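The residues making up each chain are set out below.
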Amino acid sequence: MFSKMWPQLSKPWYFNNPFGVTADAEGNVYIADFSNQRVQKFDADGNYITSWVGRQTMKLQFPCSVAVDSDKNVYVLEFGAFRVQKFDSIGKFITVWGSEGSGDGQLTSPRGVVADASGYIYVLDNAGRVQKFTANGNFVVAWGSWGPGEGQFSNPEAIAIDAAGQIYVGDSFRIQIFTADGAFVRAFAIPSSGFPLGLAVDGLGNVYASVYFCNQNVITDHKLMLFDASGNCIHALGALGAANGQFNMAHGLALSGKDLYVADTANHRLQKFRLIWWQQQLIPLFKEAWGASGPGDGYFHDPGGVAVDAAANIYIADTGNHRIQKFDANGVFIRDWGSLGSGIGQFNMPERVAVDATGHVYVADSHNNRIQKFDTDGNFITLWGSEGPGNGQFYHPASVAADAAGNVYVANSLGINIQKFDTNGNFIAVWGSEGTGHGEYQGINGIAVDGAGNVYVADNYQSRIEKLNSAGNFVMAWGSCGFAEGEFHCPTGIAVDALGNVYVTDGCRVQMFAADASFVKAWGVFGSGEAQFIFPNGVAVDAAQNVYVVDTNNHRIQKFVPFSFFAVLRRLFMEIVRLFGLR
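This is a predicted model, so every value here is computed, not measured. (Residues numbered from 1 in each chain as written. Predicted model: local features only at pLDDT ≥ 70, side-chain atom pairs only at ≥ 80, totals over all residues. Heavy atoms only, no water.)

*Asks:* Help me get a handle on the overall build of the protein chain, residues and values and all.
*Replies:* Helix and strand counts for the protein chain stand at one helix and 52 strands. Computed over the C-alpha atoms, the radius of gyration of the protein chain is 25 Å, within 12% of the 25 Å expected from 2.2 N^0.38 for a compact globule of 583 residues. Considered along the principal axes of its C-alpha atoms, the protein chain spans approximately 75 × 55 × 50 Å. Sorting the 583 residues of the protein chain into buried and exposed places 58% on the buried side. Long-range contacts, defined here as pairs at least 24 residues apart, represent 43% of the contacts in the protein chain between residues at least 6 apart. (Helix = DSSP H or I, 4+ residues; strand = E, 2+ residues; numbered from the N terminus. Rg over C-alpha atoms; globule rule 2.2 N^0.38 Å. Buried < 20%, exposed > 50% of the residue type's maximum accessible area, 1.4 Å probe, protein only. Contact = heavy atoms within 4.5 Å.)

And the structure:
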């Protein structure tokens, strides 16, 4: 049963690559939660109101932008389905239009949607045009073509509308303005060849733009820029980063009264700014950030793996923050180590972590194609591996496990094999190859070892679990593609407890099997509440059979304890404390 999670948020701000944001006349905020494939609605104080994923037969597919009309109807643009779905303000489906293609009413690479005061809907397509529709999806007009000229578009990413109904489009290094019927009005350049990702226009005609800057295809900076009605840049703030007031590929912008919302996409959060007058200029000042992801102690950015040592300390592979974090059994932060890089003690997307019986910590440093070994305090001991097809080489090592004798097993994900080493990294054996037979794999994502030295492999592309002995000989396999009990939908994480029970994360759940592979139970559904998951990855079990799950797209860790009368009472007490604000 559910025990706790961390970080523990005061409000359920769980986002994964939020692309679009808009606000209605009452100040409610709607977020296109792209990778979680849903729309979330909050009030102006960040209190959760509702969310929706679409109808059962027409689920949202990577919503990239959202707009609200004067009747509070919500329009959701789907990058993955080339269409617009229309809902009422609580997510009840109304209508849909669009399909993949280049004809009128079709889309090839949708980017943004806005609504005007008359109820017309405008959709920006990265292929180089804007299309205008009625509120029911009837095509009205289109304009634009691919190119650098006036009225043409080159990599358009952002669209906005002003109070007069003029349409603003941000493409390469500039912002263009059009009438509601597509007639070109004027354009102005963005300083230093900046690339606009998001736009908003206030009642005075000031233009707010989320702008990133590149040097040889490497992002070097990201700013929130403010232009006056004539296109003069009057203010810029922020930088590339994850601190408050910094940005990383921030796409959506929305104005609501004196507040400006920024969908800070790659930081998995929404930032809120208050607009103030200062020295005769309107300036955005940072107010707060909504989100679970972050670089601080006890916060995570797309965490991948979890391991537990004999003292019940918990180690998390904080993948997107390129570090390892260590906690006690109650989720209290102890320390962290690592940073982005390829030096000793640095990581590049560490996906999984393992601990051996003596407390040594092994990290699958995936994008550096190596394994690093540390002591329990994070002091570096040794490393091995490099990119390549040979023994002791890897192509994206995705998981690591250690047996009772100190042998280390590495799931060489793109190399499609399992490699075995001693505790110092000396190569012992390799087994497995690409294929569909026993001991053959399509994609290895998780690996675990039981007390007898048997090795369990999660083959995510074939949706099955294989059990091998310590020499790599096939023992048994189970599972097939599906959502029923004992079936898998891309299994990713795997763990084995002291009794031989096997735990597997797949889809948005955890499944538990007995040592003979018979199904025991499952828990979890899609969502951000307690015992809900969005694409969990790593899983670990401690000596007391507490289960730790890396809830990756919610950027958190959840802990589950075995069912007992005491656990139920404790859970009830904590719920009373939460409901009544007791201390």
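*Asks:* An account of the sheet that holds strand β2 (residues 18-23) is needed here, citing residue identities and associated values.
*Replies:* With respect to topology, four strands assemble into an open sheet ordered β2-β3-β4-β5, the strand pairing being antiparallel. At either margin of the open sheet sits one strand with a lone partner, and together these are β2 and β5 (48-52). On average, adjacent strands in this sheet sit at an angle of 20° to one another, irrespective of strand direction. Summarising the sheet, strand β3 (residues 29-33) and strand β4 (residues 38-42) pair through five bridges and their orientation is antiparallel. The residue bridging Val29 from the neighbouring strand is Phe42, located in β4. (Pairing = 2+ DSSP bridges. Axes fitted to C-alpha atoms, helices over the stretch in contact; angles between N-to-C directions.)

*Asks:* A description of the nonpolar core should follow, citing residues and the corresponding values.
*Replies:* Among the nonpolar cores identified, the biggest contains 27 residues, and Val21, Leu270, Trp290 and Val547 are the most heavily contacted of them. Only β1 (2-6), β3, β25 (259-264), β48 (509-513), β50 (539-541) and β51 (547-551) provide two or more residues apiece to this core. Among residues more than four places away in sequence, those in contact with Val21 are Val29, Tyr30, Ile31, Val66, Gly252, Leu253, Ala254, Tyr261, Ala263 and Leu270. (Core = buried A, V, L, I, M, F, W, Y, C linked by side-chain atoms within 4.5 Å.)

*Asks:* Go over unusual backbone geometry with me, naming the residues and quoting the values.
*Replies:* Cis geometry is found at the peptide bond from Trp6 to Pro7, where omega equals 0°. Checked against the element boundaries, Pro7 lands in the loop between β1 and β2. Residues other than glycine seldom take positive phi values, yet His396 does so here, at roughly 65°. Mapped onto the elements, His396 comes out in the loop between β35 (380-384) and β36 (397-402).

*Asks:* So what's going on with the pairing of strand β10 (residues 83-87)? Which residues, and what values?
*Replies:* Most of β10 sits inside the fold, with five of its five residues counted as buried. Neither face of β10 is open: one carries Arg83, Gln85 and Phe87, the other Val84 and Lys86, and all of them are buried. Relative to β10, strand β9 (residues 74-78) runs antiparallel, the two being bridged by five bridges. Directly across from Leu77, in β10, lies its bridge partner Val84.

*Asks:* Account for the pattern of salt bridges, with residues named and values stated.
*Replies:* If you walk through the whole model with that rule in mind, you get 17 salt bridges. Among the ionic pairs, Lys272 bridges to Asp259, the shortest N-O distance being 3.7 Å. In this pair, Lys272 sits in strand β26 (residues 269-278) while Asp259 sits in strand β25, placing the two residues 13 residues apart along the sequence. Residue Asp259 is classed as buried on the basis of its relative accessible area of 9%. Where Asp506 meets Arg509, a salt bridge forms, and the shortest distance between an N and an O atom there is 3.1 Å. This pair shows no difference in class: Asp506 is buried, exactly as Arg509 is. Several salt bridges share partner residues, and in doing so they unite Asp259, Lys272 and Arg274 into one network. (Salt bridge = Lys/Arg side-chain N within 4 Å of Asp/Glu carboxyl O.)

*Asks:* Pulling in residues and values, what's your account of the sheet that holds strand β44 (residues 464-468)?
*Replies:* Where strands meet in a sheet, backbone hydrogen bonds hold them as pairs that are either parallel or antiparallel. On the basis of which strands lie adjacent, the open sheet formed by four strands has the order β42-β43-β44-β45 and antiparallel pairing. If you trace the sheet from one side to the other, it starts and ends with β42 (444-449) and β45 (474-478), each paired once. If you compare each strand with its neighbour and ignore which way they point, the axes differ by 20° on average. Across five bridges, strand β43 (residues 455-459) lies against β44 in antiparallel orientation. From the neighbouring strand, Tyr456 faces β44, where its bridge partner is Lys467.

*Asks:* Residues and numbers for the pairing of β3, please.
*Replies:* Summarising burial for β3: five of the five residues are buried, a large majority. Here β3 shows no split at all, with Val29, Ile31 and Asp33 on one side and Tyr30 and Ala32 on the other all buried. One ladder, built from five bridges, connects β2 with β3; its direction is antiparallel. Bridge pairing links Ala23 to Val29 in β3. Where β3 folds back onto β4 in an antiparallel hairpin, the turn is made up of four residues, including Gln37, whose phi is positive at roughly 55°.

*Asks:* Explain the environment of Gly241 residue by residue, including any values.
*Replies:* Residue placement: Gly241 occurs in the loop between β23 (233-237) and β24 (253-256). With 170 residues separating them in the primary sequence, Gly241 and Asp71 have C-alpha atoms 38 Å apart. In contact with Gly241, not counting residues within four places along its chain, are Gln246, Phe247, Asn248, Asn267 and Arg269.

*Asks:* Now, about the environment of Gly415: what can you tell me, with residues and values included?
*Replies:* Relative to the helices and strands, Gly415 is located in the loop between β37 (408-412) and β38 (417-421). Considering only alpha carbons, one finds Gly415 and His396, 19 residues apart in sequence, at a separation of 7.5 Å.

*Asks:* I'd like a description of the packing of aromatic side chains, backed by residues and values.
*Replies:* This model, assessed by the stated rule, comprises 39 aromatic pairs. With centroids separated by 5.8 Å and ring planes inclined at 70°, the aromatic side chains of Phe15 and Phe42 adopt a geometry described as edge-to-face. Here Phe15, found in the loop between β1 and β2, pairs with Phe42, found in strand β4; they are 27 residues apart in sequence, far enough to count as distant. Owing to a relative accessible area of 0%, Phe42 belongs among the buried residues under this scheme. (Phe/Tyr/Trp six-rings, centres within 6.5 Å; stacked < 30°, edge-to-face > 60°.)

These values are about where atoms sit, not about what they do.
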